[in-house]
Amino acid sequence: QVQLVESGGGLVQPGGSLRLSCAASGSISSLYAMGWYRQVPGKQRELVAGITNRGSTNYADSVKGRFTISRDNAKNTVYLQMNSLKPEDTAVYYCNGQIATTFSRNDYWGQGTQVTVSS
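All figures in this text were calculated on a predicted structure; none of them were measured in a lab.

Draft legend 1. Summary view of the packing of aromatic side chains. Counted according to the given criterion, the structure contains 1 aromatic pair. Their ring planes at 65° and their centres at 4.9 Å tell us that Y37 and W109 sit as a pair that is edge-to-face. Pair noted here: Y37 is in strand β4 (residues 30–39) and W109 is in strand β10 (residues 105–109), with a separation of 72 residues, a long-range link. Here Y37 falls in the partly exposed class, since its relative accessible area comes to 22%. Residue classification places W109 among the partly exposed positions, given a relative accessible area of 36%. Just above the ring of Y79 sits the side chain of R19; from NZ or CZ to the centre is 4.0 Å. For the cation-ring pair, R45 lies above W109, with the distance from its terminal atom to the ring centre recorded as 4.7 Å.

Here's what the structure looks like:
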């Protein structure tokens, strides 16, 4: 059984920073592409940032230059450093990962962490 557990969300003022973490646990043999998504009520979940197992990254245009995704393969953890936060960044942030176990390779989601940007 594989689990992704996010942490680091919360309330922050506009212009502030937060760092999200997503730790993968279970019978993991390899982590492949990982990513952060976000969703607000009434809208589709959207990709915020992604990172391949080799460290190549991609970002939504709305967060380029403000957010940085990184990973620590030794810790099976992916991070999202969010700077210069704006009210429109308010959402539930979800971690996603393509993870291989001994017997299969599947797509996994975390439970989500709320980020609220407000004064």
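Draft legend 2. View of the environment of G16. You can see G16 is positioned in the loop between β2 (10–12) and β3 (18–25). Each C-alpha atom, one on G16 and one on N83, is 6.1 Å from the other, the two residues being 67 residues apart in sequence. When sequence neighbours within four positions are dropped, the list of residues in contact with G16 reads M82, N83, S84 and L85.

Draft legend 3. Summary view of the pairing of strand β1 (residues 3–7). Burial along β1 is one-sided: the face carrying L4 and E6 is buried and the face carrying Q3, V5 and S7 is not. As defined by bridge partners, β1 adjoins β3 across 5 bridges and the pair is classed as antiparallel. Considered in β3, the bridge of V5 is made with A23.

Draft legend 4. Quick look at the pattern of salt bridges. A full pass over the atoms with the stated rule returns 4 salt bridges. In this structure, R38 and D89 form a salt bridge, with 3.0 Å as the shortest nitrogen-oxygen distance. Within this pair, whereas R38 is found in strand β4, its partner D89 is found in the loop between β8 (77–82) and β9 (91–100), the two being separated by 51 residues in sequence. Considered together, R38 and D89 belong to a single accessibility category, that of buried residues. One salt bridge connects K64 with D61, and the closest N-O pair in it is separated by 3.1 Å. Linked by salt bridges that have partners in common, R38, E46, R66 and D89 make up one network.

Draft legend 5. Representation of the state of the cysteines in the model. Counted by the stated rule, this structure contains 1 disulfide. Shown here is the disulfide that connects C22 with C95, its sulfur atoms set 2.1 Å apart. Because the torsion about its S-S bond is -80°, the bridge between C22 and C95 counts as left-handed. Note that C22 is positioned in strand β3 and C95 in strand β9, a separation of 73 residues in sequence. What makes C95 buried here is its relative accessible area of 0%.

Cut-offs used in this document
- Residues numbered from 1 in each chain as written.
- Predicted model: local features only at pLDDT ≥ 70, side-chain atom pairs only at ≥ 80, totals over all residues.
- Heavy atoms only, no water.
- Phe/Tyr/Trp six-rings, centres within 6.5 Å; stacked < 30°, edge-to-face > 60°.
- Helix = DSSP H or I, 4+ residues; strand = E, 2+ residues; numbered from the N terminus.
- Buried < 20%, exposed > 50% of the residue type's maximum accessible area, 1.4 Å probe, protein only.
- Lys NZ or Arg CZ within 6 Å of the ring centre and 35° of its normal.
- Contact = heavy atoms within 4.5 Å.
- Pairing = 2+ DSSP bridges.
- Salt bridge = Lys/Arg side-chain N within 4 Å of Asp/Glu carboxyl O.
- Disulfide = S-S within 2.5 Å.

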